[in-house]
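Chain by chain, the residues run as shown.
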Amino acid sequence: MTEKFVVTGGAGYIGSHVCVELASAGHDVLVIDDFSNSHPEAVRRIQEITGVDISLLEVDLANPANLPKVIESVGAFDATGAVHLAGLKAVGESVEQPARYYDVNINAALTLLRALENAGAKKLVFSSSATVYGDLNESPVNETGATGAANPYGRSKLFIEEILKDIATADKDWRIANLRYFNPVGAHSSGRIGEDPNGVPNNLFPFIAQVAVGKRDKLRIFGDDYPTRDGTGVRDYIHVVDLARGHVAALDYLAETKQGGAIDINLGTGGGVSVKEAVAAFKRASNRDIPFEIAPRREGDIAEIYADTSLAKDLLNWRATKTLDDMCADHWHWQRNNPNGFKS
Ligand code: UFG
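A closer look at the pattern of salt bridges
Reasoning step 1: One pass over the full model with this rule turns up 22 salt bridges.
Reasoning step 2: Between Lys165 and Glu161 there is a salt bridge whose closest N-O contact spans 3.8 Å. Taken together, the residues span about one helical turn, with Lys165 and Glu161 both in helix H6 (residues 152-170) at a distance of 4 residues.
Reasoning step 3: Judged by its relative accessible area of 0%, Glu161 falls in the buried class.
Reasoning step 4: The shortest N-O distance in the salt bridge between Asp196 and Lys343 comes to 3.7 Å. Remark: Lys343 occurs in the segment after helix H11 (324-337) and Asp196 occurs in the loop between strand E7 (183-185) and helix H7 (204-212); sequence separation between them is 147 residues.
Reasoning step 5: In the salt-bridge network here, residues are joined through shared partners; they are Glu41, Arg44, Arg45, Glu48 and Arg192.

Points about the site of the ligand
Reasoning step 1: Looking at the ligand, there are 18 residues lining it, with Asn203, Leu204, Arg220, Arg235 and Asp301 nearest.
Reasoning step 2: Backbone polar atom of Phe222 to an oxygen atom of the ligand: 2.9 Å apart, as the coordinates give it.
Reasoning step 3: A distance of 2.6 Å separates an oxygen atom of the ligand from a polar side-chain atom of Asp301.
Reasoning step 4: Calculation on the ligand without its partners gives an accessible area of 690 Å², and the protein chains cover 89% of this total.

Observations regarding the packing of H7 against helix H9 (residues 275-286)
A pair of packed helices is characterised by two quantities: the angle between their axes and the separation of those axes.
Reasoning step 1: At a minimum axis separation of 11 Å, H7 and H9 run at an interaxial angle of 40°. Judged on the interaxial angle alone, H9 and H7 are oblique. Considering how the two elements wind past one another, H7 and H9 form a crossing that is right-handed. Every residue of H9 that contacts H7 at Leu204, Phe205, Ile208, Ala209 and Ala212 is listed here: Val275, Ala278, Val279, Phe282 and Ser286.
Reasoning step 2: Broken down by class, the residue content of the contact of H7 with H9 amounts to 9 nonpolar, 1 polar and no charged.

Analysis parameters
- Residues numbered from 1 in each chain as written.
- Predicted model: local features only at pLDDT ≥ 70, side-chain atom pairs only at ≥ 80, totals over all residues.
- Heavy atoms only, no water.
- Salt bridge = Lys/Arg side-chain N within 4 Å of Asp/Glu carboxyl O.
- Helix = DSSP H or I, 4+ residues; strand = E, 2+ residues; numbered from the N terminus.
- Buried < 20%, exposed > 50% of the residue type's maximum accessible area, 1.4 Å probe, protein only.
- Near = heavy atom within 4 Å.
- Polar contact = N/O pair within 3.5 Å; in protein donor to acceptor, adjacent residues only side chain to side chain.
- Areas by Shrake-Rupley, 256 points an atom, 1.4 Å probe, with all protein chains shown as cover.
- Axes fitted to C-alpha atoms, helices over the stretch in contact; angles between N-to-C directions.
- Parallel < 35°, antiparallel > 145°, perpendicular 65-115°, else oblique.
- Left-handed = near helix turned anticlockwise from the far one by under 90°.
- Contact = heavy atoms within 4.5 Å.
- Nonpolar A, V, L, I, M, F, W, Y, C, P; charged D, E, K, R; others polar.

Structure below.
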């Protein structure tokens, strides 16, 4: 059945891939984005890839002055639900500017909630993060694992999860999935959309990709003395297209379930990859040298985390299908074709 979904942050890295999968599944999409960390060109390319028109509302969701406009647009679109990805996401910046992180991330979520409530569209997928597990669990970590984020960014995710649970408890019509992403990497196979970080990338894959394409001299590996198989940090990297399909599966589940409420669901592959293994795989995929040096550990990093994915399999009938080599090949394809991201 065709539905109408609002996608906040729909021009961003994960959001653009979610839009492609939703439009390809026959749904109508309204992107809400202020392009503070994304580019309008991404919306154009979503349409190019899918051949489907995407509606766009350019607005800062976190500014309460925009609430009437958001309510009006979501109502006029006749939304049936939403995927909420808009927000600030740089861990280090969140430590320096905690008030800004709580203000923007929490207010954006509340504004969207009011607009959905007003439209009677009580179906929501929230972009949460494995960061909510902190360093408190043995991997594979499942959704009942202890939570306790290590920085304001992570805590803003946790707080929003909790707000959504309270809302779903108070009003049984709400159906909400908090999707806890592990580490999204890769790009659409067309090479037309992908991750386009501002400035120096914080995350491993965009940094490696910029080294491979010659934009940066070398990678700094943050620590090789962790208690892992080769001493470098282990993460559960998931292809962004698999991740995006997980959102479609979650919305299908929310449409079918008889039970209201808010549920937490991990989206990962279930396997761990070390930094050195990721570098080796990217080298194979790109056929480029990836020089690196060993640097001190990065503050706040943990040794190892990967997902228990059984809940997503059981509930959503979804699992990640793409390999580490697919992730590297697609990430490289995007980077090589768009060395300056959407600005090229
Ligand atoms: N790393 C390096 N060098 C770099 C960048 C990263 O060695 O230049 C290492 C990190 O130390 C870590 C691994 O590569 O071991 C992955 O680091 P990322 O920054 O790519 O990812 P994180 O797991 O630290 O963080 C990501 C997201 C967060 C999210 C978190 C959830 O960036 O937003 O996953 O676990 F909260």
